[in-house]
Amino acid sequence: MKKIITMAMLATCLMSSAAFAYVGNSNSYKFHIEGCRAEQKIRADHRVYFETRDEAINAGYTQCGICHP
């Protein structure tokens, strides 16, 4: 099951100083470290945010071949 974060949820998390370490692409099912050059190209409507690597893997995402999270 993938975790979809709305802009309102993201704003709430950012205001509470919680940070997401990983960004997934709901189109390719790959996840990246925030700041990876591939992560920066993910369209806004395909972004899925994860707090941990295990959370991304458990959601069915595989690691990026560039940043190797």
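Now for a description of the structure that goes with this document. (Residues numbered from 1 in each chain as written. Predicted model: local features only at pLDDT ≥ 70, side-chain atom pairs only at ≥ 80, totals over all residues. Heavy atoms only, no water.)

## Observations regarding the sheet that holds strand S4 (residues 62-63)
Argument step 1. As summarised here, the arrangement of the four strands in space is S3-S1-S2-S4, forming an open sheet in which the pairing is mixed. Looking at which strands have only one partner, the edges of the open sheet turn out to be strand S3 (47-50) and S4.
Argument step 2. In terms of strand pairing, strand S1 (residues 22-25) meets strand S2 (residues 30-33) through four bridges, oriented antiparallel. Opposite valine 23, over in S2, you have histidine 32 as the bridge partner. (Pairing = 2+ DSSP bridges. Helix = DSSP H or I, 4+ residues; strand = E, 2+ residues; numbered from the N terminus.)

## Some remarks on the pairing of S1
Argument step 1. Across the two faces of S1 the burial is the same, with Tyr22 and Gly24 and Val23 and Asn25 all buried.
Argument step 2. Hairpin connection, S1 to S2: the antiparallel pair is bridged by four residues, and tyrosine 29 has positive phi, about 60°.
Argument step 3. Note: S1 against S3, four bridges, orientation antiparallel. Opposite glycine 24, over in S3, you have valine 48 as the bridge partner. (Buried < 20%, exposed > 50% of the residue type's maximum accessible area, 1.4 Å probe, protein only.)

## Some points on the pattern of salt bridges
Argument step 1. The tally for this structure, following the rule as stated, stands at two salt bridges.
Argument step 2. Among the salt bridges present, the one from glutamate 39 reaches arginine 47, with a minimum N-O distance of 2.8 Å. Taken as a pair, glutamate 39 and arginine 47 share a single burial class, namely buried.
Argument step 3. For aspartate 45, the salt bridge identified is with arginine 43, shortest N-O distance 2.7 Å.
Argument step 4. On the basis of relative accessibility, which here comes to 55%, the residue aspartate 45 falls in the exposed class. (Salt bridge = Lys/Arg side-chain N within 4 Å of Asp/Glu carboxyl O.)

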